[in-house]
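# Overview (structure and organization)
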Amino acid sequence: MRPVGVLALQGDYAEHEAALQRAGLTTIQIRKPDQLWLSADSGCRDPAISALVLPGGESTTMLRLLQLEGLWGPLGELLASGLPVLATCAGLILLASEVTQPEQESYGLLDMTVQRNGYGRQAHSGTFSIEGSELPAGTTGVFIRAPRILRTGPAVEVMARREGEPVLVRSGPILAACFHPELQPSHWLTARFAQLATETNLS
Ligand code: GLN
């Protein structure tokens, strides 16, 4: 299986790599457009990675760096190709169809409205219970200046909620969380993503 690419322009990509490695996957840091595809020929596009992680961090900075490095377009093409994706926090903001507080450009792959820092700033950050039919009882999520999902469209499945509000969503092969599974020693979502990446690459 090809390595899982972790976007490594900014944010907690090292923690994501460590979490994926603990789950038995190999990883590679993605910083340049030529790392995304095996061939430069757009006629035979074959991804160089088996899955992709968009880490947490600061989404405005990440957006600027993506544009500066010439990654915005090529990464968008890869994200839309059906590759398994795990996006956390700032990564989730980058995928939403609408971003508020303030408004910001995004890929629009997940039909939802996201409010940046919607759960408050640092003082309100912490570990909270999250619930969903697939999640084991007692699962928690680490929220850090987390985005709040204000609306989800019909194509977006809510997999987990915090006090009734969506905090983990799925649309096809894309999983996106407001919290940080990579900051916990072993989290159900990391294992779920590892399973999705492995299954997709076997079929
Ligand atoms: N508040 C950050 C943003 O809006 C996201 C926080 C995070 O990734 N932990 O980009």
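A quick note: this is a predicted structure, and the numbers were derived from the prediction, not measured.

The number of helices and strands found in the chain is 5 helices and 12 strands. The C-alpha atoms of the chain give 16 Å as radius of gyration, which agrees with the globular expectation for 203 residues (17 Å, within 12%). Principal-axis analysis of the C-alpha atoms places the extent of the chain at approximately 45 × 35 × 30 Å. Looking at the 203 residues of the chain, the share that counts as buried comes to 52%. In the chain, the share of contacts with a sequence separation of at least 24, taken over all contacts with a separation of at least 6, comes to 63%. Here the chain holds 15 positive side-chain charges and 20 negative ones, and the gap between their average locations is 4 Å.

Here the focus is the sheet that holds strand S12 (residues 174–177). Read across the sheet, 7 strands follow the order S2-S1-S3-S4-S12-S11-S10 without closing on themselves; strand pairing throughout is mixed. If you trace the sheet from one side to the other, it starts and ends with strand S2 (27–30) and strand S10 (157–162), each paired once. Going from strand to strand, the sheet's axes swing by 20° on average, the running direction of each strand aside. When strand S1 (residues 4–7) meets S2, the two strands line up parallel, connected through 4 bridges. Bridge pairing in S2 links glycine 5 to isoleucine 28.

The subject of this paragraph is the side chain of arginine 162. For arginine 162, the position within the fold is in strand S10. Despite its burial, arginine 162 pairs with no opposite charge; the closest candidate is glutamate 163, at 4.8 Å N-O. Apart from the residues within four sequence positions on either side, arginine 162 is in contact with Tyr119, Phe128, Ser129, Ile130, Phe143 and Val167.

Right, let's talk about helix H3 (residues 72–79) for a bit. Within the sequence span of H3, burial applies to Trp72, Leu75, Gly76, Leu78 and Leu79. All buried residues of H3 fall inside an arc of 160° around its axis, so they share one side. The secondary structure elements touched by the buried residues of H3 are S1, strand S3 (51–54), helix H2 (59–68), strand S4 (85–88), helix H4 (90–95) and S12.

To continue, consider the site of the ligand. Taken together, Gly56, Gly57, Glu58, Ser59, Cys89, Ala90, Ile93, Arg116, Asn117, Ile144, Arg145 and His180 make up the full set of residues near the ligand. Here a nitrogen atom of the ligand and a backbone polar atom of isoleucine 144 are 3.0 Å apart. Within the contact set of the ligand, a nitrogen atom lies 3.0 Å away from a side-chain nitrogen or oxygen of histidine 180. Protein coverage of the free-state accessible area of the ligand, which is 310 Å², stands at 96%. Structurally, the ligand is housed in the largest pocket. Within the shell around the ligand, the residues separate by chemical class into 4 nonpolar, 5 polar and 3 charged.

What follows is about unusual backbone geometry. A cis amide bond, omega -10°, links glutamine 101 with the succeeding residue proline 102. Its place among the elements puts proline 102 in the loop between strand S5 (96–100) and strand S6 (110–115). A positive phi angle, close to 50°, is found at asparagine 117, a residue other than glycine. Locating asparagine 117 in the fold gives a position in the loop between S6 and strand S7 (126–129). Judged by relative accessible area, asparagine 117 falls into the buried class, the value being 17%. The backbone phi angle of arginine 145 is positive, close to 40°, even though this residue is not glycine. Given the relative accessible area of 38%, arginine 145 is considered partly exposed.

Moving on to the environment of valine 99. The residue valine 99 is located in strand S5 in this model. Exposure remark for valine 99: the relative accessible area of 4% places this residue in the buried category. As for valine 99 and arginine 145, which are separated by 46 residues in sequence, their C-alpha atoms are 15 Å apart. Residues in contact with valine 99, not counting those within four places in the same chain, are Ile93, Gln104, Ser106, Val114 and Arg116.

The rules behind these values
Residues numbered from 1 in each chain as written. Predicted model: local features only at pLDDT ≥ 70, side-chain atom pairs only at ≥ 80, totals over all residues. Heavy atoms only, no water. Helix = DSSP H or I, 4+ residues; strand = E, 2+ residues; numbered from the N terminus. Rg over C-alpha atoms; globule rule 2.2 N^0.38 Å. Buried < 20%, exposed > 50% of the residue type's maximum accessible area, 1.4 Å probe, protein only. Contact = heavy atoms within 4.5 Å. Lys, Arg positive; Asp, Glu negative; His and termini not counted. Charge placed at Lys NZ, Arg CZ, Asp CG, Glu CD. Pairing = 2+ DSSP bridges. Axes fitted to C-alpha atoms, helices over the stretch in contact; angles between N-to-C directions. Salt bridge = Lys/Arg side-chain N within 4 Å of Asp/Glu carboxyl O. Arc of directions from axis to C-beta. Near = heavy atom within 4 Å. Polar contact = N/O pair within 3.5 Å; in protein donor to acceptor, adjacent residues only side chain to side chain. Areas by Shrake-Rupley, 256 points an atom, 1.4 Å probe, with all protein chains shown as cover. 1 Å grid on protein atoms, 1.4 Å probe; cavity = no way out; pocket = protein on both sides within 12 Å on 5 of 7 lines; lining within 4 Å. Sits in = over half its atoms within 2 Å of the grid points. Nonpolar A, V, L, I, M, F, W, Y, C, P; charged D, E, K, R; others polar.

In short, geometric facts, not functional conclusions.
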